[in-house]
Amino acid sequence: MSQQDTEQSVNDEPKSEFIVDTEDCEERELAHRERGTSRPITVVGNPVLHKECQDVTEFDEKLAQLIDDMFASQRTAEGVGLAANQIGVDLKVFVYDCPDDEGVRHVGHVINPVLDDLPADRRVLDDSNEGCLSVPTAYAALARPDYAVVRGQDMHGNPIAVEGTGYFARCLQHETDHLYGYLYIDRLSKRDRKDALRQMAEGTPRYEVVSND
Ligand SMILES: [Zn+2]
């Protein structure tokens, strides 16, 4: 997902069911991207973005390197989330570096993510703007629940659950969608989708993209 202005604040009390992804963010993100190599971003129309990615079954050094490369690519493109197919890799992996509704920074990765179905009382829709590194320079308002829980695995294959609010909840939903072959523009009305594609056609990305030719 692409960046948006947010306020900074501190302190977060994670519930024990969920991983702690708010500590040592600076150091962890830096370590990943220093080990990684930035790669160009795939854009709408590239087949790898429009089909479900494969489940990860090998939790090896190659997977760790992919995660490092994804953090490097995310930083280069100034994203707050990145799915593996956005650098052309057909595997269910996403990374994030994203603030929640209190401005608290979350840094982490999820392998083989699945979103929880929300109980009705947690389904409060938020219709903020959304953007995507694979639809460069375009933004559109899109209603999504302002709370999300995603379950999957970490790079070692351990089961994890990640909880998000606000912009981070949007990010978790957006990145999981990617790995099932959906872009946020696929959730827009025909008219809004067309407008987003027009914005993309008129804009110039600030990072390297993979040509669809
Ligand atoms: Zn995206």
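All of these numbers come straight from a predicted model, not from anything done at the bench.

### Remarks on the pairing of strand E9 (residues 159-165)
Part 1 of the reasoning: Pairing of strand E8 (residues 147-153) with E9 involves seven bridges; the strand directions are antiparallel. Across the sheet, residue Tyr147 finds its bridge partner in E9, namely Thr165.

### A few points about the UniProt feature "active site" (unreviewed entry) in the protein
Part 1 of the reasoning: Here, the residues flagged by UniProt with the feature "active site" (unreviewed entry) are Glu175.
Part 2 of the reasoning: The contact partners of Glu175, leaving out residues within four places of it in the chain, are Met1, Gly81, Ala83, Phe94 and Tyr96.

### Focus on unusual backbone geometry
Part 1 of the reasoning: Even without being glycine, Asp24 reaches a positive phi, approximately 55°.
Part 2 of the reasoning: With respect to the secondary-structure elements, Asp24 resides in the segment before helix H1 (25-35).
Part 3 of the reasoning: You can call Asp24 exposed: it has 12 C-beta atoms within 10 Å.
Part 4 of the reasoning: Even without a glycine there, the phi angle at Asn112 is positive, about 50°.
Part 5 of the reasoning: One can find Asn112 in strand E3 (residues 105-115).
Part 6 of the reasoning: Here Asn112 falls in the partly exposed class, since 18 other C-beta atoms lie within 10 Å of it.

### Looking at the sheet that holds E3
Part 1 of the reasoning: Taking strand neighbours across the sheet as the criterion, the five strands line up as E1-E2-E3-E8-E9 in an open arrangement whose pairing is antiparallel. In the strand order of this sheet, the two ends are held by strand E1 (81-83) and E9, each with one partner. If you compare each strand with its neighbour and ignore which way they point, the axes differ by 30° on average.
Part 2 of the reasoning: Pairing between strand E2 (residues 93-99) and E3: seven bridges, direction antiparallel. Along E3, the bridge assignment pairs Phe94 with Val110.
Part 3 of the reasoning: Each of E1, E2 and E3 is contacted by helix H2 (residues 61-76), which is oriented at about 40° to E2, the strand it contacts most.
Part 4 of the reasoning: Sitting on the sheet, helix H3 (residues 166-179) touches E1, E2, E3, E8 and E9, and the angle it makes with E2 is about 165°.

### Some details on H2
Part 1 of the reasoning: Look at H2: 23 Å from first C-alpha to last across 16 residues, which is about the 22 Å you get at 1.5 Å a residue.
Part 2 of the reasoning: Those residues of H2 not exposed but buried are Leu63, Leu66, Ile67, Asp68, Asp69, Met70, Phe71, Ala72, Ser73 and Gln74.
Part 3 of the reasoning: Those residues of H2 that are buried lie in contact with H1, E1, E2 and E3.
Part 4 of the reasoning: Glu78 occupies a position one or two residues after H2 and carries a positive phi of about 55°.

### Considering the UniProt feature "binding site: Fe cation" (unreviewed entry) in the protein
Part 1 of the reasoning: The positions UniProt marks with the feature "binding site: Fe cation" (unreviewed entry) are Cys132, His174 and His178. For the annotated residues, spread through 47 residues, the largest C-alpha to C-alpha distance comes to 10.1 Å, consistent with a single compact locus.
Part 2 of the reasoning: Mapped onto the secondary structure, Cys132 falls in the loop between strand E5 (129-131) and strand E6 (139-141).
Part 3 of the reasoning: Overall, the presence of 28 C-beta atoms within 10 Å leaves Cys132 in the buried class.
Part 4 of the reasoning: Apart from residues lying up to four places away in sequence, Cys132 is in contact with Met1, Ser2, Leu183 and Tyr184.
Part 5 of the reasoning: Assignment of secondary structure puts His178 in helix H3.
Part 6 of the reasoning: Non-local contacts of His178, meaning those with residues more than four positions away in its chain, are made with Ala83, Asn85, Gln86 and Phe94.

Criteria and cut-off values
- Residues numbered from 1 in each chain as written.
- Predicted model: local features only at pLDDT ≥ 70, side-chain atom pairs only at ≥ 80, totals over all residues.
- Pairing = 2+ DSSP bridges.
- Helix = DSSP H or I, 4+ residues; strand = E, 2+ residues; numbered from the N terminus.
- UniProt positions renumbered as here; feature names shortened; annotations may be inferred.
- Contact = placed C-beta atoms within 7 Å.
- Buried ≥ 20, exposed ≤ 12 C-beta atoms within 10 Å, placed from the backbone.
- Axes fitted to C-alpha atoms, helices over the stretch in contact; angles between N-to-C directions.
- Expected span 1.5 Å × (residues − 1).

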